[in-house]
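Residues per chain, in single letters:
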Amino acid sequence: MDNLSKITCISDFQQLARRRVPKMFYDYVDSGSWTESTYRDNESDMQQLKFKQRVAVNIEGRSLATTMLGQPVSIPVALAPTGLTGMQHADGEILAARAARDFGVPFTLSTMSICSLEDVAEHTQAPFWFQLYVMRDRQFIEALINRAKAANCSALVLTLDLQVLGQRHKDIRNGLSVPPRPTLMNMLNLATRLRWCQGMLKTKRRTFGNIIGHAAGVDDLGTLASWTQQQFDPTLCWDDVEWIKKCWGGKLVLKGIMEAEDARHAVDAGADAIVVSNHGGRQLDGAPSTIACLPSIVDAVGNQTEIWLDSGVRSGQDVLRSVALGANATMIGRAFLYALGAAGQAGVTRALEILANELSVSMGLCGVRDIQDVDRRILLDPSRFDR
């Protein structure tokens, strides 16, 4: 049994996941597109924001509680939609959803998940969110939306920044596939990941659960590979968003917003929340960091919809920085995936505990007792991110 009390930060989980998760799946998480400059900037730009330390202020009884889409949350964090989560750890989506449920934060299931909508609903018995990609097969989209409704999903997160796939060199070099192909290199790597292999042997969930057996003509992994390449729709436009909102009929979140103009379009399209996200630096390399884009988007639409920040959040201090610059909340991807790969459900729970503690302590040392009172006043010269 892991002694997770020895884990003190997300980077500890990252190091452990590197040793426990097969290389191709660890690299899938720990990579950006092309030169990975945007991936690196998401984190480094966060660190440029410095806090003002305050003293002799009553900081007893601090509160991190807020709401996302009207749903009470224990901290302003949601688990972001991440593909292949069930390849970081057996039944990974189910385990992460349970950890999020118990901690009091939302979980978002990706279209490209290993565990299906029905799997997660059956094993959590709690509402979660579902993330949708726009595909050419509109009948399949409608079927996914109807399945999300049947699974009692409480929000739909529509990802807008994957009309074409940004090239990730590590995935190409590793020959990324689900499950791994039985090549000599893969078999040698798997032989050093016995814990992961034992978990996978105990589950039947080893492929894309939302797609295999549901999408027309997709019955095996060979056809799935060609289907996904053909299906992401480069013709996506705001009319499609309107159609999806009508089909869904519930809370709609638009993810992938990086410019004020697009934020205004999102508001006009009826978004209940927008996510400032560059897909974790995995799409347009050379795009700015999300924290650098946040202020202009807040200025453009901050009083018209909820604004969440994604990409680059690795600590409770990053959550605090994001809220200080005007985000209502944040989403985490790699931060929980490292923990999941390292230690399963208990790892995700511990990661959330770490984020909450970092957020609470840092907020208090800035002289603030309630997360909802956090603003730019806690930051030292945030104007460098104005544009």
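These numbers come from a predicted model, not from an experiment.

Draft legend 1. Examining the overall build of the protein more closely. Secondary structure summary: the protein contains 15 helices and 12 strands in total. Against the 2.2 N^0.38 benchmark of 21 Å for 387 residues, the protein shows a C-alpha radius of gyration of 20 Å, consistent with a compact globule. Classification of the 387 residues of the protein by burial places 59% in the buried group. Summarising the internal contacts of the protein: among those between residues at least 6 apart in sequence, 74% fall at separations of at least 24. Surface accessibility of the protein: about 16,200 Å² in total, with carbon and sulfur atoms responsible for 51%.

Draft legend 2. Inspection of unusual backbone geometry at higher detail. Of note, the amide linkage connecting Val-178 to Pro-179 takes the cis form, showing an omega dihedral of -10°. In this model, Leu-84 sits at a positive phi of 60°, which is unusual for a non-glycine residue. One can find Leu-84 in the loop between strand S4 (77-79) and helix H4 (92-103). Residue Leu-84 is classed as buried on the basis of its relative accessible area, which comes to 5%. Although it is not a glycine, Gln-125 adopts a positive phi angle of roughly 50°. For Gln-125, the position within the fold is in the loop between helix H5 (117-124) and strand S6 (129-133). Under the relative-accessibility criterion, Gln-125 is labelled exposed at 61%.

Draft legend 3. The arrangement of the pairing of strand S10 (residues 306-309) in detail. A two-sided burial pattern is seen for S10, the buried positions comprising Glu-306 and Trp-308 on one face and Ile-307 and Leu-309 on the other. In this sheet, S10 lies alongside strand S9 (residues 273-276) in parallel orientation, the contact comprising 4 bridges. Bridge pairing links Val-276 to Leu-309 in S10. The β-α-β motif built from S9, the intervening helix H13 (residues 290-301) and the parallel element S10 has right-handed crossover chirality. You can see the chain leave S10, run along helix H14 (residues 316-324) and come back into strand S11 (residues 329-332), and the turn it takes is right-handed.

Draft legend 4. The side chain of Ser-311, seen in detail. Within the fold, Ser-311 resides in the loop between S10 and H14. For Ser-311, a relative accessible area of 5% translates into the label buried. One polar contact links Ser-311 to Ser-277, side chain to side chain, over a distance of 3.5 Å.

Draft legend 5. Structural detail: the sheet that holds S9. Pairing within the open sheet is parallel, and its 8 strands lie in the order S4-S11-S10-S9-S8-S7-S6-S5. Of all strands in the sheet, those with a lone pairing partner are S4 and strand S5 (108-109), marking the two edges. Where S4 lies against S11, 3 bridges are found, and the strand directions are parallel. Its bridge partner lying in S11, Val-77 is registered against Thr-330. Strands strand S8 (252-257) and S9 of the sheet are contacted by helix H12 (residues 260-268), whose axis makes an angle of about 165° with S8. Helix-sheet contacts for helix H15 (residues 334-365) involve S4 and S11, and the interaxial angle to S11 is about 160°.

The rules behind these values
- Residues numbered from 1 in each chain as written.
- Predicted model: local features only at pLDDT ≥ 70, side-chain atom pairs only at ≥ 80, totals over all residues.
- Heavy atoms only, no water.
- Helix = DSSP H or I, 4+ residues; strand = E, 2+ residues; numbered from the N terminus.
- Rg over C-alpha atoms; globule rule 2.2 N^0.38 Å.
- Buried < 20%, exposed > 50% of the residue type's maximum accessible area, 1.4 Å probe, protein only.
- Contact = heavy atoms within 4.5 Å.
- Areas by Shrake-Rupley, 256 points an atom, 1.4 Å probe, with all protein chains shown as cover.
- Pairing = 2+ DSSP bridges.
- Right-handed = clockwise from strand over helix to strand, strands pointing away.
- Polar contact = N/O pair within 3.5 Å; in protein donor to acceptor, adjacent residues only side chain to side chain.
- Axes fitted to C-alpha atoms, helices over the stretch in contact; angles between N-to-C directions.

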